[in-house]
Amino acid sequence: AEFEANFDNLHAHFFRNLRQRYPSLTDNDLRFCAYLRLNLSSKDIASLMNISLKGVEAARARIRKKISLPSSESLTAFMIDLK
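Here is what the cut-offs are and how they apply
Residue numbers run consecutively from 1 along every chain, following the written order of its sequence. At least 70 in pLDDT is required for a residue's local features to be given in this predicted model, at least 80 for side-chain atom pairs to be given and counted, and no such filter applies to totals for whole chains, interfaces and linings, which use all residues. Only heavy atoms go into the side-chain values, all of them from the structure, while hydrogens and water stay out. Comment: elements are numbered from the N terminus, with helices defined as DSSP H or I runs of at least four residues and strands as E runs of at least two. As a reference, a globule follows 2.2 Å times the number of residues to the power 0.38, and the radius of gyration itself is taken over C-alpha atoms. Think of it in three bands: residues with accessible area under 20% of the maximum for their type are buried, residues over 50% are exposed, and the middle band is partly exposed, with areas taken using a 1.4 Å probe on protein chains only. Residue contacts are counted whenever heavy atoms from the two residues lie within 4.5 Å of one another. Method for areas: the Shrake-Rupley scheme with a 1.4 Å probe, in which residue coverage is limited to the protein chains shown. Positive charge is attributed to Lys and Arg, negative charge to Asp and Glu, and no charge count is given to His or to the chain ends. A charge is said to be at NZ when it belongs to Lys, at CZ for Arg, at CG for Asp and at CD for Glu. Each axis is a line fitted through C-alpha atoms, taken for helices only over the stretch in contact, and angles between the N-to-C directions span 0 to 180 degrees. Here the angle decides the label: under 35 degrees means roughly parallel, over 145 means roughly antiparallel, 65 to 115 means roughly perpendicular, and every other value means oblique. Here the aromatic set is Phe, Tyr and Trp, taking the six-membered ring for Trp, and pairing holds for ring centres within 6.5 Å; pairs whose planes are under 30 degrees apart are stacked, those over 60 apart are edge-to-face, and all others are tilted. Each reported salt bridge corresponds to a side-chain nitrogen of Lys or Arg within 4 Å of a carboxyl oxygen of Asp or Glu.

Asks: Is there a simple way to think about the overall build of the protein chain in this case?
Replies: The helix and strand inventory of the protein chain stands at 6 helices and 0 strands. Reading the protein chain from its N terminus to its C terminus gives the helix and strand order α-α-α-α-α-α. Relative to the globule expectation of 12 Å for 83 residues, the C-alpha radius of gyration of the protein chain, 12 Å, shows essentially globular dimensions. Taken along the three principal axes of its C-alpha coordinates, the protein chain extends 30 × 25 × 20 Å. For the protein chain, buried positions account for 37% of its 83 residues. A separation of at least 24 residues holds for 45% of the contacts in the protein chain among residues at least 6 apart in sequence. Of the roughly 5,100 Å² of accessible surface on the protein chain, a fraction of 52% belongs to carbon and sulfur atoms. Counting 13 positive and 9 negative side-chain charges, the protein chain places the averaged centre of each group 5 Å from the other.

Take a look at the structure:
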């Protein structure tokens, strides 16, 4: 929760906006999105979230589906550009 608060201060209500637009995202999904916004590699995300690289790929696919992002668009770029 502290991470979320600090991140939100730095990134102008990133979590609030994500939650409002995509209510189906879980807390874990939101944390994953934050790591994407920080442009971390899959390997870094895997170690931070204590999951395998396969788990990272699965999470990317799950989030992409929940926010209806076409495969032609980069999920990382989407998170970085999210206002």
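That shown, we press on.
Asks: Can you walk me through the packing of helix 3 (residues 27-37) against helix 5 (residues 53-66) in this structure?
Replies: Packed helix pairs are characterised by how far apart their axes lie and by the angle those axes make with each other. Running from N to C, helix 3 and helix 5 cross one another at 100 degrees; their axes reach a closest spacing of 11 Å. As summarised for this structure, helix 3 and helix 5 are arranged roughly perpendicular, according to the angle between their axes. Of helix 5, the residues touching helix 3 (which contributes Asp29, Phe32, Cys33 and Leu36) are Val56, Ala59, Arg60, Arg62, Ile63 and Lys66.

Asks: Could you clarify how one ought to interpret the packing of aromatic side chains in this entry?
Replies: Aromatic rings in a pair are described by how distant their centres are and how their planes are angled relative to each other. Overall, the coordinates contain 2 aromatic pairs when judged by the stated rule. The interplanar angle of 70 degrees and the centroid separation of 5.6 Å between the aromatic rings of Phe14 and Phe15 together place this pair among those described as edge-to-face.

Asks: Sorry if this is basic, but what is going on with the pattern of salt bridges here?
Replies: Side-chain pairs of opposite charge can arise where the charged atoms are in close proximity. On inspection of all chains with the given rule, the structure shows 3 salt bridges. Two residues, Asp29 and Arg62, come together in a salt bridge whose shortest N-O distance is 3.2 Å. In this pair, Asp29 is assigned in helix 3 and Arg62 in helix 5, connecting sequence segments 33 residues apart. The exposure class assigned to Asp29 is buried, which follows from its relative accessible area of 0%. With a relative accessible area of 39%, Arg62 lands in the partly exposed category. Residues joined by salt bridges that share partners form a network here, namely Asp29, Arg62 and Lys66.

Asks: I tried to follow the environment of Leu38 on my own but got confused; where do I start?
Replies: Relative to the assigned elements, Leu38 resides in the loop between helix 3 and helix 4 (42-49). Taking the C-alpha atoms as reference points, Leu38 and Asn17, 21 residues apart in sequence, are found 16 Å from one another. Apart from residues no more than four positions distant in its own chain, Leu38 is found in contact with Phe7 and His11.

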